[in-house]
Amino acid sequence: GYTPNWEAPTDSPLQGLRLETVVEKLKVPWDFAFAPNGELFCSERVGRILRISNGVTNILTEPEAVVDASAIDPGDEGGWWSTGGEDGLLGIAVDPSYPKQPYVYAYYTYREKSAPNGQLNRVVRYDVTATNIGGTEMVVIDGIPANQFHNGGRLAFGPRGYLWITCGDGGVPEASGDPSSLAGKILRVRPNGDPAPGNPAWNGNGDPRVFTVGHRNPQAISWLPDGTPVTTEHGPNAKDEVNLLSKGDHYGWPDARTREQYV
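Note that the structure is a prediction, hence the values are computed from the model and not measured. (Residues numbered from 1 in each chain as written. Predicted model: local features only at pLDDT ≥ 70, side-chain atom pairs only at ≥ 80, totals over all residues. Heavy atoms only, no water.)

Chemist: Would you explain the overall build of the chain in this entry?
Modeler: Along its length, the chain carries two helices and 15 strands. In summary, the chain has a C-alpha radius of gyration of 19 Å against a globular reference of 18 Å for 263 residues, a match within 12%. Sorting the 263 residues of the chain into buried and exposed places 46% on the buried side. Long-range contacts, defined as pairs at least 24 residues apart, comprise 49% of the intrachain contacts of the chain with a sequence gap of at least 6. For the chain, the accessible area works out to roughly 14300 Å², and carbon and sulfur atoms hold 49% of it. (Helix = DSSP H or I, 4+ residues; strand = E, 2+ residues; numbered from the N terminus. Rg over C-alpha atoms; globule rule 2.2 N^0.38 Å. Buried < 20%, exposed > 50% of the residue type's maximum accessible area, 1.4 Å probe, protein only. Contact = heavy atoms within 4.5 Å. Areas by Shrake-Rupley, 256 points an atom, 1.4 Å probe, with all protein chains shown as cover.)

Okay, structure coming up:
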(Lines give C-alpha, C1' and ligand atoms only; values in the text may rest on other atoms or scores of the structure.)
Protein backbone atom coordinates (compact mmCIF):
# COMPACT_ATOMS: atom_id res chain seq x y z
CA GLY A 1 0.00 0.00 0.00
CA TYR A 2 1.05 3.58 -0.69
CA THR A 3 2.17 5.53 2.40
CA PRO A 4 2.82 9.27 1.89
CA ASN A 5 5.12 9.48 4.94
CA TRP A 6 7.36 6.57 3.82
CA GLU A 7 11.11 7.09 4.19
CA ALA A 8 13.96 4.95 2.92
CA PRO A 9 15.57 2.74 5.59
CA THR A 10 19.00 3.78 6.84
CA ASP A 11 20.17 0.43 8.23
CA SER A 12 21.35 -2.60 6.27
CA PRO A 13 18.79 -5.31 5.41
CA LEU A 14 21.53 -7.83 6.29
CA GLN A 15 21.47 -6.96 9.98
CA GLY A 16 20.31 -9.88 12.07
CA LEU A 17 20.82 -12.42 9.31
CA ARG A 18 23.21 -15.35 9.48
CA LEU A 19 24.72 -17.60 6.84
CA GLU A 20 23.85 -21.28 6.92
CA THR A 21 25.20 -23.94 4.54
CA VAL A 22 22.28 -26.20 3.65
CA VAL A 23 23.99 -28.53 1.16
CA GLU A 24 27.45 -28.57 -0.44
CA LYS A 25 29.65 -30.49 -2.90
CA LEU A 26 26.98 -30.39 -5.59
CA LYS A 27 27.65 -31.19 -9.25
CA VAL A 28 26.20 -28.52 -11.55
CA PRO A 29 23.06 -27.81 -9.49
CA TRP A 30 20.35 -26.34 -11.72
CA ASP A 31 17.12 -25.92 -9.76
CA PHE A 32 15.61 -26.40 -6.33
CA ALA A 33 12.11 -26.47 -4.89
CA PHE A 34 10.77 -26.46 -1.34
CA ALA A 35 7.95 -28.80 -0.41
CA PRO A 36 5.13 -27.51 1.85
CA ASN A 37 6.54 -29.60 4.72
CA GLY A 38 9.98 -27.93 4.48
CA GLU A 39 11.83 -30.63 2.54
CA LEU A 40 14.14 -29.32 -0.16
CA PHE A 41 14.53 -31.00 -3.55
CA CYS A 42 17.44 -30.18 -5.85
CA SER A 43 18.27 -31.14 -9.44
CA GLU A 44 21.81 -31.54 -10.76
CA ARG A 45 22.36 -31.25 -14.47
CA VAL A 46 24.52 -34.38 -14.44
CA GLY A 47 21.33 -36.38 -13.83
CA ARG A 48 20.54 -36.55 -10.11
CA ILE A 49 17.58 -35.55 -7.97
CA LEU A 50 18.39 -34.90 -4.32
CA ARG A 51 16.23 -34.49 -1.24
CA ILE A 52 17.54 -32.50 1.74
CA SER A 53 15.60 -33.04 4.95
CA ASN A 54 16.68 -32.34 8.54
CA GLY A 55 20.22 -31.68 7.36
CA VAL A 56 20.53 -35.02 5.54
CA THR A 57 20.99 -35.23 1.76
CA ASN A 58 19.81 -38.30 -0.12
CA ILE A 59 19.96 -39.15 -3.82
CA LEU A 60 16.38 -39.99 -4.81
CA THR A 61 16.93 -41.11 -8.38
CA GLU A 62 19.37 -40.86 -11.30
CA PRO A 63 17.35 -41.19 -14.52
CA GLU A 64 19.35 -43.29 -16.96
CA ALA A 65 17.96 -41.50 -20.02
CA VAL A 66 19.47 -38.10 -19.11
CA VAL A 67 22.21 -36.99 -21.53
CA ASP A 68 25.76 -37.04 -20.25
CA ALA A 69 26.19 -33.53 -18.83
CA SER A 70 29.29 -34.24 -16.77
CA ALA A 71 30.80 -31.76 -14.32
CA ILE A 72 34.40 -30.57 -14.39
CA ASP A 73 36.61 -31.56 -11.46
CA PRO A 74 37.06 -29.05 -8.63
CA GLY A 75 39.83 -26.58 -9.43
CA ASP A 76 39.79 -27.24 -13.19
CA GLU A 77 39.71 -24.30 -15.56
CA GLY A 78 36.73 -23.83 -17.85
CA GLY A 79 32.98 -24.15 -17.53
CA TRP A 80 29.83 -25.10 -19.37
CA TRP A 81 30.90 -23.07 -22.41
CA SER A 82 34.08 -25.10 -22.84
CA THR A 83 33.10 -28.63 -21.85
CA GLY A 84 29.31 -28.86 -21.96
CA GLY A 85 26.12 -27.01 -22.74
CA GLU A 86 22.72 -26.27 -21.28
CA ASP A 87 21.15 -29.72 -21.51
CA GLY A 88 20.74 -32.43 -18.87
CA LEU A 89 18.48 -32.68 -15.83
CA LEU A 90 17.04 -29.18 -15.47
CA GLY A 91 13.88 -27.94 -13.75
CA ILE A 92 12.22 -29.49 -10.72
CA ALA A 93 8.88 -28.83 -9.00
CA VAL A 94 6.97 -30.33 -6.09
CA ASP A 95 3.26 -31.11 -6.19
CA PRO A 96 1.40 -28.33 -4.30
CA SER A 97 -0.44 -31.00 -2.26
CA TYR A 98 2.78 -32.72 -1.14
CA PRO A 99 3.11 -34.96 0.85
CA LYS A 100 -0.54 -35.99 0.32
CA GLN A 101 0.35 -36.18 -3.37
CA PRO A 102 3.99 -37.36 -3.02
CA TYR A 103 5.10 -36.29 -6.49
CA VAL A 104 8.17 -34.48 -7.75
CA TYR A 105 8.33 -33.31 -11.37
CA ALA A 106 11.50 -32.98 -13.44
CA TYR A 107 12.50 -31.73 -16.89
CA TYR A 108 15.39 -33.43 -18.67
CA THR A 109 17.14 -33.89 -22.01
CA TYR A 110 17.56 -37.35 -23.53
CA ARG A 111 19.00 -38.86 -26.70
CA GLU A 112 16.64 -39.46 -29.62
CA LYS A 113 18.18 -40.35 -32.99
CA SER A 114 15.06 -39.44 -34.95
CA ALA A 115 14.98 -35.87 -33.57
CA PRO A 116 16.47 -33.06 -35.72
CA ASN A 117 19.26 -32.39 -33.20
CA GLY A 118 19.55 -35.96 -31.94
CA GLN A 119 17.85 -35.28 -28.61
CA LEU A 120 14.58 -34.17 -27.02
CA ASN A 121 13.30 -32.85 -23.71
CA ARG A 122 10.57 -34.35 -21.57
CA VAL A 123 8.78 -33.65 -18.30
CA VAL A 124 8.32 -36.58 -15.93
CA ARG A 125 6.83 -37.29 -12.51
CA TYR A 126 8.17 -39.45 -9.66
CA ASP A 127 6.55 -40.86 -6.53
CA VAL A 128 9.17 -40.11 -3.89
CA THR A 129 7.60 -42.49 -1.34
CA ALA A 130 8.26 -45.57 -3.47
CA THR A 131 11.03 -48.05 -2.71
CA ASN A 132 12.23 -47.78 -6.31
CA ILE A 133 11.57 -44.11 -7.13
CA GLY A 134 13.07 -44.35 -10.61
CA GLY A 135 10.62 -47.10 -11.44
CA THR A 136 7.67 -44.77 -10.88
CA GLU A 137 8.68 -42.38 -13.67
CA MET A 138 5.59 -41.20 -15.55
CA VAL A 139 5.99 -39.08 -18.67
CA VAL A 140 3.89 -35.91 -18.41
CA ILE A 141 5.02 -34.23 -21.65
CA ASP A 142 7.40 -35.56 -24.29
CA GLY A 143 8.80 -34.44 -27.61
CA ILE A 144 9.94 -30.95 -26.59
CA PRO A 145 12.64 -29.90 -29.11
CA ALA A 146 16.13 -29.98 -27.61
CA ASN A 147 19.67 -29.01 -28.42
CA GLN A 148 22.95 -28.57 -26.55
CA PHE A 149 21.70 -25.03 -25.88
CA HIS A 150 18.31 -23.27 -25.56
CA ASN A 151 16.36 -25.91 -23.68
CA GLY A 152 14.47 -23.62 -21.30
CA GLY A 153 13.53 -26.14 -18.64
CA ARG A 154 11.89 -24.36 -15.72
CA LEU A 155 8.91 -25.99 -13.97
CA ALA A 156 6.58 -24.25 -11.54
CA PHE A 157 3.05 -24.65 -10.23
CA GLY A 158 0.97 -21.51 -10.63
CA PRO A 159 -1.62 -19.94 -8.32
CA ARG A 160 -4.42 -22.19 -9.63
CA GLY A 161 -2.43 -25.40 -9.32
CA TYR A 162 -1.55 -25.79 -13.01
CA LEU A 163 1.97 -26.76 -14.08
CA TRP A 164 3.85 -24.17 -16.14
CA ILE A 165 6.80 -25.22 -18.32
CA THR A 166 9.32 -22.99 -20.10
CA CYS A 167 10.61 -24.42 -23.39
CA GLY A 168 13.60 -23.03 -25.30
CA ASP A 169 13.71 -22.98 -29.08
CA GLY A 170 15.84 -26.14 -28.99
CA GLY A 171 17.95 -25.06 -31.96
CA VAL A 172 14.90 -24.55 -34.23
CA PRO A 173 14.18 -20.81 -33.77
CA GLU A 174 11.94 -20.75 -36.83
CA ALA A 175 9.46 -22.96 -34.91
CA SER A 176 9.15 -20.58 -31.95
CA GLY A 177 6.22 -18.70 -33.45
CA ASP A 178 4.41 -21.85 -34.60
CA PRO A 179 1.78 -22.80 -31.97
CA SER A 180 1.75 -26.39 -33.21
CA SER A 181 5.39 -26.84 -32.09
CA LEU A 182 6.60 -27.02 -28.48
CA ALA A 183 9.82 -25.14 -29.33
CA GLY A 184 10.13 -21.65 -27.84
CA LYS A 185 6.94 -21.83 -25.80
CA ILE A 186 5.42 -21.44 -22.36
CA LEU A 187 3.17 -24.41 -21.61
CA ARG A 188 0.32 -24.48 -19.10
CA VAL A 189 -1.04 -27.92 -18.24
CA ARG A 190 -2.78 -30.00 -15.62
CA PRO A 191 -0.43 -32.06 -13.42
CA ASN A 192 -1.04 -35.09 -15.68
CA GLY A 193 -0.01 -33.16 -18.80
CA ASP A 194 -3.46 -32.43 -20.20
CA PRO A 195 -4.07 -28.86 -21.42
CA ALA A 196 -5.18 -26.46 -18.69
CA PRO A 197 -8.66 -24.99 -19.20
CA GLY A 198 -8.64 -21.50 -20.63
CA ASN A 199 -5.54 -21.95 -22.79
CA PRO A 200 -5.58 -20.27 -26.24
CA ALA A 201 -7.51 -22.03 -29.00
CA TRP A 202 -4.99 -21.00 -31.70
CA ASN A 203 -7.80 -21.12 -34.28
CA GLY A 204 -7.68 -24.90 -34.05
CA ASN A 205 -4.16 -25.03 -35.53
CA GLY A 206 -2.04 -25.11 -32.39
CA ASP A 207 -1.13 -27.38 -29.51
CA PRO A 208 -3.70 -26.81 -26.72
CA ARG A 209 -0.94 -27.01 -24.08
CA VAL A 210 0.74 -23.85 -25.44
CA PHE A 211 0.06 -20.61 -23.53
CA THR A 212 2.44 -18.20 -25.35
CA VAL A 213 4.76 -18.39 -28.36
CA GLY A 214 7.85 -16.68 -29.77
CA HIS A 215 10.34 -17.34 -26.95
CA ARG A 216 14.09 -17.88 -27.30
CA ASN A 217 15.27 -19.43 -24.06
CA PRO A 218 12.84 -18.63 -21.20
CA GLN A 219 14.06 -19.46 -17.73
CA ALA A 220 12.58 -18.40 -14.39
CA ILE A 221 8.81 -17.99 -14.02
CA SER A 222 6.89 -16.40 -11.17
CA TRP A 223 3.62 -14.55 -10.51
CA LEU A 224 2.69 -11.05 -9.41
CA PRO A 225 0.25 -10.70 -6.48
CA ASP A 226 -2.67 -10.47 -8.94
CA GLY A 227 -1.65 -13.75 -10.60
CA THR A 228 0.02 -12.26 -13.68
CA PRO A 229 2.80 -14.66 -14.85
CA VAL A 230 6.28 -13.18 -15.34
CA THR A 231 9.24 -14.85 -17.03
CA THR A 232 12.89 -14.05 -17.63
CA GLU A 233 14.38 -14.88 -21.01
CA HIS A 234 17.94 -15.12 -22.29
CA GLY A 235 18.62 -12.93 -25.31
CA PRO A 236 21.39 -13.09 -27.93
CA ASN A 237 24.57 -11.32 -26.78
CA ALA A 238 22.84 -10.11 -23.60
CA LYS A 239 19.56 -8.26 -24.42
CA ASP A 240 17.80 -10.44 -21.84
CA GLU A 241 14.11 -9.86 -21.21
CA VAL A 242 11.55 -9.78 -18.44
CA ASN A 243 8.15 -10.60 -19.93
CA LEU A 244 4.64 -10.28 -18.57
CA LEU A 245 2.79 -13.23 -20.11
CA SER A 246 -0.56 -12.69 -21.74
CA LYS A 247 -2.50 -15.67 -23.08
CA GLY A 248 -1.93 -16.25 -26.77
CA ASP A 249 0.69 -13.54 -27.25
CA HIS A 250 3.76 -13.76 -29.49
CA TYR A 251 7.02 -12.55 -27.88
CA GLY A 252 8.94 -11.87 -31.06
CA TRP A 253 11.65 -14.49 -31.44
CA PRO A 254 13.39 -14.91 -33.84
CA ASP A 255 12.13 -11.98 -35.93
CA ALA A 256 12.07 -9.22 -33.32
CA ARG A 257 13.87 -8.36 -30.11
CA THR A 258 12.41 -4.92 -29.43
CA ARG A 259 8.91 -3.51 -29.23
CA GLU A 260 9.65 -1.19 -32.15
CA GLN A 261 10.67 -4.12 -34.36
CA TYR A 262 7.65 -6.18 -33.40
CA VAL A 263 4.99 -3.47 -33.62
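Alright, that's what it looks like, and here's the rest.
Chemist: Looking at this structure, I do not really get the sheet that holds strand S13 (residues 218-223). What am I missing?
Modeler: If you trace the three strands from one edge of the open sheet to the other, you get S13-S14-S15, paired in antiparallel fashion. On the outer flanks of this sheet lie S13 and strand S15 (241-244), each paired with one strand and no other. If you compare each strand with its neighbour and ignore which way they point, the axes differ by 20 degrees on average. Judged from the four bridges that link them, strand S14 (residues 229-233) and S15 form a sheet pairing that is antiparallel. If you follow threonine 232 over to S15, its bridge partner there is valine 242. (Pairing = 2+ DSSP bridges. Axes fitted to C-alpha atoms, helices over the stretch in contact; angles between N-to-C directions.)

Chemist: What's the story with the pairing of S13 in this structure? I'm lost.
Modeler: Remark: a regular strand shows side chains that alternate across the two faces of the sheet. Where S13 lies against S14, four bridges are found, and the strand directions are antiparallel. Looking at S14, one finds that isoleucine 221 is bridged to threonine 231. Between S13 and S14, which follow one another and run antiparallel, lie five residues, and glycine 227 among them has a positive phi close to 95 degrees.

Chemist: Could you clarify how one ought to interpret the environment of glycine 214 in this entry?
Modeler: Within the secondary structure layout, glycine 214 lies in the loop between strand S12 (210-212) and S13. Classification of glycine 214 as buried rests on a relative accessible area of 0%. Taking C-alpha positions, glycine 214 is 8.3 Å from alanine 175, a pair spaced 39 residues apart along the chain.

Chemist: What is the right way to look at the pattern of salt bridges in this model?
Modeler: Two side chains carrying opposite charge are able to pair once their charged atoms lie near each other. Scanning all chains against the criterion turns up six salt bridges. Put simply, aspartate 207 and arginine 209 hold a salt bridge, and the shortest N to O gap is 2.8 Å. Of the two residues examined, aspartate 207 and arginine 209, each falls in the buried class. (Salt bridge = Lys/Arg side-chain N within 4 Å of Asp/Glu carboxyl O.)

Chemist: Sorry if this is basic, but what is going on with the sheet that holds strand S1 (residues 29-34) here?
Modeler: As a general point, the strands of a sheet are linked pairwise by backbone hydrogen bonds and lie either parallel or antiparallel. Spatial strand order, S1-S2-S3-S4: four strands in an open sheet with antiparallel pairing. The open sheet has two edge strands, S1 and strand S4 (56-61), and neither has a second partner. Along the sheet, successive strands turn relative to each other by an average axial angle of 25 degrees, direction set aside.

Chemist: Can you help me understand the side chain of histidine 215 in this one?
Modeler: When you line up the elements, histidine 215 lands in the loop between S12 and S13. For histidine 215, a relative accessible area of 0% corresponds to the buried category. In terms of polar contacts, histidine 215 uses its side chain to reach the side chain of threonine 212, at 2.8 Å. For histidine 215, the residues in contact, after removing those within four places along its chain, are Asp169, Ser176, Gly184, Lys185, Ile186, Glu233, Leu245, Tyr251 and Trp253. (Polar contact = N/O pair within 3.5 Å; in protein donor to acceptor, adjacent residues only side chain to side chain.)

Chemist: For this particular structure, what's the right way to read the environment of glycine 198?
Modeler: You can see glycine 198 is positioned in the loop between strand S11 (185-189) and S12. On a C-alpha basis, the gap between glycine 198 and proline 208 in space is 9.5 Å, while along the polypeptide they are 10 residues apart. The residues touching glycine 198, leaving out its near neighbours within four places in the chain, are Arg188 and Lys247.

Chemist: Looking at this structure, how should I read the environment of proline 200?
Modeler: Here proline 200 lies in the loop between S11 and S12. With 11 residues separating them along the chain, proline 200 and phenylalanine 211 place their C-alpha atoms 6.3 Å apart. Every residue in contact with proline 200, bar those within four places of it in the chain, is listed here: Val210, Phe211, Lys247 and Gly248.

Chemist: What's the story with unusual backbone geometry in this structure? I'm lost.
Modeler: Trans peptide bonds make up most of the peptide bonds, and negative phi angles are found at most residues other than glycine. Cis geometry marks the peptide bond from tyrosine 98 to proline 99; its omega dihedral reads 5 degrees. Mapped onto the fold, proline 99 is located in the loop between strand S5 (89-94) and strand S6 (103-111). The omega torsion of the bond from tryptophan 253 to proline 254 falls at 5 degrees, within 30 degrees of zero and hence cis. Considering the arrangement of structural elements, one finds proline 254 in the loop between S15 and helix H2 (259-262). Residues other than glycine seldom take positive phi values, yet valine 28 does so here, at roughly 50 degrees. Classification of valine 28 by relative accessible area gives partly exposed; the value is 26%.

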